[in-house]
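Chain and residue survey
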Amino acid sequence: MNDNTSQQSDHGIEQKMPFVKGLLYGLQHVFVSNVWLDPLFVAAMIGLPAAMSANMVNAIFIGAGLVTLTQAAKLVRLPVVQGPSAAFDALMISSGKAGGLAAAGGGIMVSALIVLFFALTGLLGRLRALFTPVVSGVVIFVVGIALSGFTLTEFLGGQADSPSFASLPTLLMSVPTAVTVMLLSLFGKGKWKSFSFLIALVLGDIIALMLGKIDFSTVGVKGWIGLPHLFPYGALTFHWSVFAAFFAAYVAAVIEGMGVYQAAAQMSGTELDNKRIRFGFSGESVGSMLSTVVGGFPTTAYAQNVGLLRLTGVTSRYPVMIAGCIFLILGFVPKAGALLALTPDAVIGGIFLPATASLILTGISTLFQMEKNDTNYLIAGLSIVLAIGIPAYGSKMGGFAGSMLANGVIVGTACSILMHILLVNLPRMFRKQAA
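Residues numbered from 1 in each chain as written. Predicted model: local features only at pLDDT ≥ 70, side-chain atom pairs only at ≥ 80, totals over all residues. Heavy atoms only, no water.

Looking only at helices and strands, the protein features 20 helices and two strands. Relative to the compact-globule value of 22 Å for 435 residues, the protein shows a C-alpha radius of gyration of 21 Å, a close match. Residue burial in the protein is summarised as follows: out of 435 residues, 57% are buried. Expressed as a percentage of contacts within the protein between residues at least 6 apart in sequence, the contacts between residues at least 24 apart total 84%. Carbon and sulfur atoms provide 71% of the accessible area of the protein, an area that totals close to 18200 Å². Each charge class in the protein was averaged separately, 23 positive and 16 negative side chains, and the resulting centres sit 7 Å apart. (Helix = DSSP H or I, 4+ residues; strand = E, 2+ residues; numbered from the N terminus. Rg over C-alpha atoms; globule rule 2.2 N^0.38 Å. Buried < 20%, exposed > 50% of the residue type's maximum accessible area, 1.4 Å probe, protein only. Contact = heavy atoms within 4.5 Å. Areas by Shrake-Rupley, 256 points an atom, 1.4 Å probe, with all protein chains shown as cover. Lys, Arg positive; Asp, Glu negative; His and termini not counted. Charge placed at Lys NZ, Arg CZ, Asp CG, Glu CD.)

It is worth spelling out the packing of aromatic side chains at this point. What the rule picks out here adds up to seven aromatic pairs. Between Trp 240 and Phe 243, the aromatic rings sit 5.8 Å apart at their centres with planes inclined by 80°, giving edge-to-face as the arrangement. With a gap of three residues between them, Trp 240 and Phe 243 both fall in helix H12 (residues 240-268), about one helical turn apart. Assessed through its relative accessible area of 66%, Trp 240 is described here as exposed. Phe 243 sits in the buried class, given a relative accessible area of 11%. One aromatic cluster is present, formed by Phe 238, Trp 240, Phe 243 and Phe 247 through successive ring pairs. (Phe/Tyr/Trp six-rings, centres within 6.5 Å; stacked < 30°, edge-to-face > 60°.)

Attention now goes to the layout of surface pockets. Taken as a whole, the second largest pocket encloses approximately 380 Å³ of empty space. Around the second largest pocket, the lining is made up of 17 residues, and of these Leu 127, Val 251, Val 254, Ile 255 and Ile 417 lie nearest the centre. When contributions to the lining of the second largest pocket are tallied by element, the ones reaching two or more residues are helix H5 (101-120), H12 and helix H20 (408-434). When residues of the lining of the second largest pocket are assigned to their parent elements, the largest contribution, six residues, is made by H12. A per-class count over the lining of the second largest pocket returns 16 nonpolar, one polar and no charged. (1 Å grid on protein atoms, 1.4 Å probe; cavity = no way out; pocket = protein on both sides within 12 Å on 5 of 7 lines; lining within 4 Å. Points joined across faces, edges and corners; volume = space filled by probe spheres on them. Nonpolar A, V, L, I, M, F, W, Y, C, P; charged D, E, K, R; others polar.)

Here the focus is empty space enclosed by the protein. Evaluation of the coordinates by the stated rule reveals two cavities of 30 Å³ or more. The space that makes up the largest cavity amounts to roughly 70 Å³. Considering the residues around the largest cavity, the lining is formed by Met 92, Leu 101, Ala 102, Ala 104, Gly 105, Phe 231, Pro 232, Tyr 233, Gly 234, Leu 236, Thr 292 and Gly 296. Looking at the lining of the largest cavity element by element, the count peaks at four residues for H5.

Counted at 1.5 Å a residue, the expected span for helix H13 (residues 274-293) with its 20 residues is 28 Å, and the 29 Å between its end C-alpha atoms agrees. Just downstream of H13 lies Gly 295, where phi reads positive at about 105°. (Expected span 1.5 Å × (residues − 1).)

All right, on to unusual backbone geometry then. Comment: phi is negative for the bulk of residues other than glycine, and the bulk of peptide bonds are trans. Phi is positive for Arg 77, close to 55°, though the residue is something other than glycine. By secondary structure assignment, the location of Arg 77 is in the loop between helix H3 (50-73) and strand S1 (82-84). In this model, Phe 231 sits at a positive phi of 45°, which is unusual for a non-glycine residue. The topology assignment puts Phe 231 in the loop between helix H11 (217-220) and H12.

The subject of this paragraph is helix H7 (residues 133-156). Helical periodicity: at 3.6 residues per turn, an α-helix aligns residues three or four positions apart in one direction. An ideal rise of 1.5 Å per residue puts 34 Å on 24 residues; H7 measures up with 34 Å between its terminal C-alpha atoms. Backbone geometry just downstream of H7 places Gly 157 in the positive-phi region, at approximately 90°.

On average, the protein scores 81 in pLDDT, and the residues at 70 or more come to 90%. When the criterion is pLDDT under 50, residues 1-13 qualifies, and its contacts beyond four places in sequence or with other chains add up to 40 contacts. (pLDDT = per-residue confidence, 0-100.)

Here Thr 356 shows up in helix H17 (residues 345-368). Excluding anything up to four places from it in sequence, Thr 356 contacts Gly 144, Leu 147, Ser 148 and Thr 151.

What follows is the structure, encoded as structure tokens:
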């Protein structure tokens, strides 16, 4: 049974869904997106004070909630969840350690304004010629590969030198969670399949509670109402070097978002026209600017939630809109956010593992749609090899080049687009001129 109760239309919400059912589907999107982990990780690596860390988390929730809600309801009108892009993590951390978060905010703001201009003028839609199945497939695939490292770190309980790495309590939480998702997604029927992630989450949390891995004391110290501060790192500043780094990451996030739009449109039986692209990236740009003003960082369409769509078969926009509302509640009610964050990392890893695997397969299935010729094989193969191999060397380099080369998504995206232009677009243009 496929619970795809939607054929996306341009008139209102595409279907009626009971609120409780939509709420449960929305919760699945919230946990799979795991919006709060990025700001927590970035704040911890920078060493931000507790108050600033809390403000960053609240800002991300509010930005993600507003953009997710408006995107699904009015703008791109696809079942896509928005959240902080991991493409910016290394840049935010390096800027924060150097005391340059105000400059980072300035770079993000200018980058978002440029993307907004390209979106509103329709220029971004005209670049769709570059987003062929070979480019989109590579981007989705390398995003899945990038997520796999984070996922396995959560699943196994940290790095190899961590005391909790592959320990019995960790595996008792992560393995049953992942197995439950896989079994219900593959063999479950009806609601068992549709709610496979939520059922696995409840099971994982019960196991964690029995093992004493859930500490409710963190919820008690959080307040009921929390409002983000405007420009918490000071007035925004602009530096060309910082802007160049963030703009490069922003371009990678845009291409990743285009791939997510294409995958979500294909799964929901929707035509991805220029209007949706224009509205979608306009919404992402404005959301990124808003998030920056209150202390967050850019939002983008989340690829892992596409994996959730594939595994559950639920492609309605309605649960995504509810997920956006939940994000807003979490942003303004810190106690609710702390309650959500009680789920141990190993359980989160157990949920992420099947979703990441499904995302990688989405990339592979997209690559299967490309024209079968040696040129496309070379573009896809070389881009993937470089995206996987180059970051190991880039992470040992410093400066702008190091931050770019250490990001596999940026490397794979840049290589696939550059080779597509040189090996496909330019020869085609020359042949047309010669004819």
